[in-house]
Amino acid sequence: PSKLILISFDGFRWDYLDMAHKYGFETPNFDALLANGSTVAPGGVMNSFPTKTLPNHYTIATGMYPGNHGVVHNQYLDPDDGVFFLEDDNQTLANVSFWWNNGTFDKGPYLPEFVPMPIWIANQLNQKNQESRNARRSGVMMWPGGGAPLYGEVSHVWRYFNNSVRNESRFDELVAWFVDEAAPINLGLLYINEPDLHGHKWGPTSPKLMKLVSELDALVGYLLRLLIKNNLYDDMNLIITSDHGMANITSRVILEEHLDLSTYESYGSSPVLLIWPHEGFEDAIYTKMSKVPNMSVYRKADIPAEYHYTFNRRISPLLFVADPGVSFCRTQANLGNHGYNNSWNDMHPFFVAHGPAFRRNHVSPQFNNVDIYPMMCKVLGIEPGPNDG
Ligand SMILES: [Zn+2]
């Protein structure tokens, strides 16, 4: 079967390479992939609301909007089943199906229409259906949800997110999976948590961050050499993309100045908060916050249709969304953040695709990140699961 590697550099904004060049840093490996592969027009990939890490990684993997695949934020409350919180605790939830199947065993009012079928599951299921002699196996290196059994299937090999593992070692192991003699994989996913981490700290326009971008370029070079060394380069399809961009924080809305914090529970994080008002407080909170500048408050039924963020019981009765560049954090050392309206350019990620399945030196018009999944299925020659692409 055809081979594919999907890599995400968390928080890699669409224009970071240009910005790095402006600051005098070189990115020869990215440049070579772009020259010999396909990318997206200036403005980057249109990602999905909210432009946060877990929702968008799972959107890339499933082709479903966050409101549909059910990972509606990095942290959220499922009214039937408790609090999902992965940011600091990947170890415990990455392999628990419930959080990755859109709450299929639903007791609430919003019955899901379909169960997400991540690309690593779709790849292996196709094998079973085809009874092909060319085995299809998937390997998931730290990609969110990579260990969760779905459709009775679990990825052949996978690793929890573990920041103490060096990036080079993550690539070493991923490539080793492809050349395993007994049971090689044909699809590999890999997650790198930079430049997001330092993009938050330093802001997206910092020269220090552009130096880090040039270091990530060196990491891409490391991967390309590994592929060549293992005779994988010529027939490997490679996609490098990201979940979201990054924006400078320019002002704040302090909720305590407007609300009694004991009248509601809040989940998620700035700039998008899932607000569960206590009994009897919903109207008062809505009315009050409607008048506060630099943010929007939505009742669940009025969330803009283009967010595709309504039909899931994990979406709260009220939603607070800060305007571009505005933060809900009272004190925050960070200079950068993301999560805002997905039509804002600063939120859009980078994309490049390279290999036998992709055109060379090609620039595609802007596409949505729900379209990456059906494209990957085409590259792999498999039937996609249900999706929004
Ligand atoms: Zn982030």
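About the thresholds
Residues numbered from 1 in each chain as written. Predicted model: local features only at pLDDT ≥ 70, side-chain atom pairs only at ≥ 80, totals over all residues. Domains from an automatic or database assignment. Contact = placed C-beta atoms within 7 Å. Nonpolar A, V, L, I, M, F, W, Y, C, P; charged D, E, K, R; others polar. Core = buried A, V, L, I, M, F, W, Y, C linked by C-beta atoms within 7 Å. Buried ≥ 20, exposed ≤ 12 C-beta atoms within 10 Å, placed from the backbone. Helix = DSSP H or I, 4+ residues; strand = E, 2+ residues; numbered from the N terminus. Axes fitted to C-alpha atoms, helices over the stretch in contact; angles between N-to-C directions. Arc of directions from axis to C-beta. Pairing = 2+ DSSP bridges. Expected span 1.5 Å × (residues − 1).

The name given to the protein in an unreviewed UniProt entry is Ectonucleotide pyrophosphatase/phosphodiesterase family member 5, and the organism recorded there is Capitella teleta.

Q: Explanation requested: the domain arrangement of the protein in the structure shown.
A: Size of an interface, as often reported, equals the accessible area lost when the parts are brought together. One can read the domain layout of the protein as domain 1 (3-74 + 82-246 + 341-380) and domain 2 (251-333). Here the C-alpha centre of domain 2 lies 29 Å away from the C-alpha centre of domain 1. With 17 residues of domain 1 at the interface, the matching set in domain 2 holds 15 residues. Partitioned by chemical class, the residues of the side of domain 1 that touches domain 2 number eight nonpolar, eight polar and one charged.

Q: I would appreciate a short explanation of the nonpolar core in the present structure.
A: Generally speaking, soluble globular proteins have nonpolar side chains that are buried together. Counting 102 residues, the largest nonpolar core has Met-141, Leu-190, Leu-274, Ile-275 and Met-376 as the members making the most contacts within it. Considering each element in turn, this core owes the most residues, eight residues, to helix H9 (residues 207-229). Looking at this core, you find at least three residues from each of domain 1 (3-74 + 82-246 + 341-380) and domain 2 (251-333). Discounting residues that sit within four places of it in the chain, Leu-274 has contacts with His-73, Tyr-76, Leu-77, Ser-266, Tyr-267, Gly-268, Ile-315, Ser-316 and Leu-319.

Q: Just checking my understanding: could you explain the packing of helix H2 (residues 28-35) against H9 for this structure?
A: The geometry of a pair of packed helices is captured by two quantities: the angle between their axes and the separation between those axes. The contact between H2 and H9 brings their axes to 7 Å, and the two run at 65°. Counting all contacts with H2, which are made through Pro-28, Asn-29 and Phe-30, the residues of H9 involved are Asp-217, Val-220, Gly-221 and Leu-224. Its residues assigned to classes, the contact of H2 with H9 comprises four nonpolar, two polar and one charged.

Q: Mind showing me how you'd approach H2 here?
A: Helical geometry note: an α-helix holds 3.6 residues per turn, so side chains three or four residues apart project in the same direction. Within the span of H2, buried status applies to Asn-29, Phe-30, Leu-33 and Leu-34. Viewed along the axis of H2, the buried residues span an arc of 135°, placing them on a single side of the element. In H2, the exposed positions that point more than 90 degrees away from the buried face belong to Pro-28 and Ala-35. Lining the buried residues of H2 we find helix H1 (16-22), strand S2 (38-40), H9 and strand S17 (351-354).

Q: I keep staring at the sheet that holds strand S5 (residues 138-141) and nothing clicks. Help me out?
A: Pairing between the strands of a sheet is mediated by backbone hydrogen bonds and can be parallel or antiparallel. The strand order S6-S5-S7-S1-S8-S17-S2-S18 describes an open sheet built from eight strands, whose pairing is mixed. At either end of the open sheet lies a strand with only one pairing partner, and these are strand S6 (157-159) and strand S18 (362-364). Sheet twist, expressed as the average angle between the axes of neighbouring strands with direction ignored, equals 15°. Both S5 and strand S7 (residues 187-192) contribute to a ladder of four bridges, which runs parallel. Considered in S7, the bridge of Met-141 is made with Leu-190. Helix-sheet contacts for helix H7 (residues 167-178) involve strand S1 (3-9), S5, S6 and S7, and the interaxial angle to S7 is about 175°.

Q: Can you help me understand the sheet that holds strand S13 (residues 295-299) in this one?
A: Read from one edge of the open sheet, four strands run S11-S12-S14-S13, paired in antiparallel fashion. Of all the strands in the sheet, just strand S11 (264-269) and S13 have a single pairing partner and so form its edges. Across the sheet, the axes of successive neighbouring strands diverge by a mean angle of 20°, strand direction being ignored. Here strand S12 (residues 272-277) pairs with strand S14 (residues 318-322) via four bridges, running antiparallel. The residue bridging Val-272 from the neighbouring strand is Val-321, located in S14.

Q: Hey, could you run me through H7 in this one?
A: Taking 1.5 Å of rise per residue, the twelve residues of H7 would be expected to cover 16 Å, and the 17 Å separating its terminal C-alpha atoms lies within 8% of that figure. Listed as buried for H7 are Arg-170, Phe-171, Leu-174, Val-175, Trp-177 and Phe-178. Projection of H7 onto a plane perpendicular to its axis shows the buried side chains occupying an angular sector of 150°, all on one side. Elements in contact with the buried residues of H7: S1, S5, S6, S7 and H9.

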